[in-house]
Amino acid sequence: MIGADRVGVDPLTEYFDASMMSVSSLTDYNITKERYEAYLETPIKERELFEPFNGVVFADSGGFKFLNNAEIDGSDFEVTMNQETVYDIQKALGSDIIVNLDHPIAPGDSHQERVQKAEQTAENIHEFLNLTRDFEGAKYLTLHGYNYSMMTEFLEVITNEVPLGVLQEGFDGIALGSLVPKKDNRDALIKAVTDCREVMNDWGFENWPLHVLGIASRAIPILTALGADSFDSSTHLHNAINGKYNRSMMEQVPLDDVDFTECDCPICQSDLLVDRMRGNTEYQKDVLGPVAMHNLIVQKRELADLRQCIKQDGTDALIEYLEETFSRDKTMRQYAHKVVNQSLGGYF
């Protein structure tokens with residue numbers, strides 16, 4: 001953890017093995033051209049501030065923001081946001097995993113609009129593969145759709161521009177997008193991830209990792225059980241900002257109600273950080289920073305336990321995990337049962 005030495009804890013590098021960012025985040029603060037250029041002068045992991053960090057940097061293309069918000073177009077720093085510019089930014093950041101610039105679909109899009117967006121994405125993919133021939137990291141292919149038919153049609157349009165063999169040779173993983181508008185619709189998320197894995201099997205991508213863009217929070221355990229390998233989650237931060245302390249991945253309590261002696265994470269074992277989480281510090285960031293780190297540790301520990309269940313032979317361990325996690329959660333229980341009954345062979 002950056003600054004760990006200043007608060008007397010060991011560097012928590014095991015919890016920062018990967019970090020996700022989007023090139024569109026550069027536009028969030030209306031930065032000037034000079035600031036934009038200065039920010040890209042040094043790759044993230046070569047900056048002194050981030051020196052202890054040696055994990056993976058995953059840089060999203062920012063398509064969801066760039067192409068759905070006319071105000072975020074790069075004009076503040078006098079560049080045109082297109083596939084070439086996005087790749088230049090990903091490269092300047094020192095990214096280890098990158099995705100092509102995509103045109104995400106929206107729930108209200110007509111069939112014609114979805115096809116048109118797939119065609120535009122195909123053009124970007126063609127250019128992306130030409131631009132990234134010497135890129136040494138991993139490349140994820142963006143895939144859009146809410147069900148098997150939509151994803152298959154998306155790939156059919158893409159392969160009209162870029163042959164399937166070129167896709168299979170040029171990419172290393174799938175990044176499933178367009179799900180943010182459906183983030184609170186658990187049925188839709190379950191179907192999208194389940195169908196995506198089927199599409200990947202049918203198109204020869206069965207051994208690739210699957211990243212789900214923009215979806216995390218309480219859906220993580222179920223989507224992981226269905227085959228999603230990674231997420232870009234900021235839930236630990238948002239919970240902290242809202243004064244919520246994670247007791248587990250699914251349970252949060254108000255910070256004022258916490259007994260820190262019940263947790264054995266490095267944050268809650270630090271007298272200084274516990275004192276800060278109790279509010280005995282001048283700045284709110286020093287209260288919420290340790291809470292966010294604690295929340296992240298709880299999430300990562302539980303996700304590691306879940307992955308151990310998945311690795312075991314058969315589905316008994318995974319089913320038991322889902323039952324223990326969701327049996328008393330009225331909101332999520334029906335979705336856990338749906339996963340168990342439809343994808344894991346049921347309880348009996």
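First, a word on scope: everything that follows refers to the structure included in this document. (Residues numbered from 1 in each chain as written. Predicted model: local features only at pLDDT ≥ 70, side-chain atom pairs only at ≥ 80, totals over all residues. Heavy atoms only, no water.)

## With respect to the environment of tyrosine 140
Here tyrosine 140 is to be found in strand β4 (residues 138–144). Considering only alpha carbons, one finds tyrosine 140 and isoleucine 97, 43 residues apart in sequence, at a separation of 7.2 Å. (Helix = DSSP H or I, 4+ residues; strand = E, 2+ residues; numbered from the N terminus.)

## Focus: the sheet that holds strand β3 (residues 97–99)
Two orientations exist for strands paired in a sheet by backbone hydrogen bonds: parallel and antiparallel. As summarised here, the arrangement of the seven strands in space is β1-β2-β3-β4-β5-β6-β7, forming an open sheet in which the pairing is parallel. Edge positions in the open sheet fall to β1 (18–22) and β7 (230–231), since each of these has one partner strand only. Bridge count between β1 and strand β2 (residues 56–60): five bridges; the pairing is parallel. Across the sheet, the residue bridging to serine 19 is valine 57, located in β2. (Pairing = 2+ DSSP bridges.)

## Digging into the pairing of β2
Regular strands show a simple pattern: their side chains alternate between the two faces of the sheet. For β2, a buried count of four out of five residues is recorded, marking the element as mostly surrounded by other parts of the structure. For β2 and β3, the ladder comprises two bridges, and the chain directions are parallel. Across the sheet, phenylalanine 58 pairs through a bridge with isoleucine 97, a residue of β3. (Buried < 20%, exposed > 50% of the residue type's maximum accessible area, 1.4 Å probe, protein only.)

## So, the packing of aromatic side chains
According to the stated counting rule, one finds five aromatic pairs in the structure shown. Where phenylalanine 58 meets tyrosine 140, the ring centres are 5.4 Å apart and the plane angle is 70°; that geometry is what we call edge-to-face. Taken as a pair, phenylalanine 58 in strand β2 and tyrosine 140 in strand β4 lie far apart in primary sequence, 82 residues in all. Comparing phenylalanine 58 with tyrosine 140 shows no difference in burial state: the two are buried. Lying across the ring of tyrosine 39, arginine 47 places its NZ or CZ 4.3 Å from the centre. Sitting above the plane of the tyrosine 146 ring, lysine 182 keeps its charged end 4.6 Å from the centroid. (Phe/Tyr/Trp six-rings, centres within 6.5 Å; stacked < 30°, edge-to-face > 60°. Lys NZ or Arg CZ within 6 Å of the ring centre and 35° of its normal.)

## Re the side chain of threonine 142
If you trace the backbone, threonine 142 turns up in strand β4. Classification of threonine 142 by relative accessible area gives buried; the value is 0%. Not counting the four nearest positions on each side in its chain, threonine 142 is found in contact with Val99, Asn100, Asp102, Thr121, Phe154 and Ala175. (Contact = heavy atoms within 4.5 Å.)

## Overview of the environment of valine 79
Its place among the elements puts valine 79 in the loop between α2 (63–66) and α3 (83–92). Spatially, the C-alpha atom of valine 79 lies 10.0 Å from that of tyrosine 36, the residues being 43 residues apart in sequence.

## Describing helix α12 (residues 316–326)
Every buried residue of α12 is listed here: Ala317, Leu318, Ile319, Tyr321, Leu322, Thr325 and Phe326. The elements touched by buried residues of α12 are α8 (220–225), α11 (284–311) and α13 (330–343).

## Considerations on unusual backbone geometry
Positive phi values are uncommon outside glycine, yet serine 178 reaches one of about 75°. The exposure class assigned to serine 178 is buried, which follows from its relative accessible area of 6%.

## Regarding the packing of helix α4 (residues 111–131) against helix α5 (residues 148–161)
It is the contact of α4 with α5, at a shortest axis distance of 8 Å, that shows an interaxial angle of 45°. For the element pair α4 / α5, the angle class is oblique. Both α4 and α5 take part in a crossing whose hand is right-handed. Mapping the contact onto sequence places His111, Arg114, Val115, Ala118, Glu119, Thr121, Ala122, Glu123, Ile125 and His126 in α4 and Met150, Glu153, Phe154, Val157, Ile158 and Glu161 in α5. Split into classes, the residues belonging to the contact of α4 with α5 amount to eight nonpolar, three polar and five charged. (Axes fitted to C-alpha atoms, helices over the stretch in contact; angles between N-to-C directions. Parallel < 35°, antiparallel > 145°, perpendicular 65-115°, else oblique. Left-handed = near helix turned anticlockwise from the far one by under 90°. Nonpolar A, V, L, I, M, F, W, Y, C, P; charged D, E, K, R; others polar.)

## Concerning the environment of valine 157
With respect to the secondary-structure elements, valine 157 resides in helix α5. For valine 157, a relative accessible area of 12% corresponds to the buried category. For valine 157 and valine 9, which are 148 residues apart along the polypeptide, the C-alpha to C-alpha distance reads 52 Å. Apart from the residues within four sequence positions on either side, valine 157 is in contact with Val115, Ala118, Glu119 and Ala122.

## Observations regarding α4
With 21 residues, α4 extends 30 Å from end C-alpha to end C-alpha; this agrees with the ideal 30 Å at 1.5 Å per step. Three or more residues of α4 are buried, namely Val115, Lys117, Ala118, Thr121, Ala122, Asn124, Ile125, Phe128 and Leu129. For α4, the elements touching its buried residues are α3, β3, β4, α5 and α6 (164–170). (Expected span 1.5 Å × (residues − 1).)

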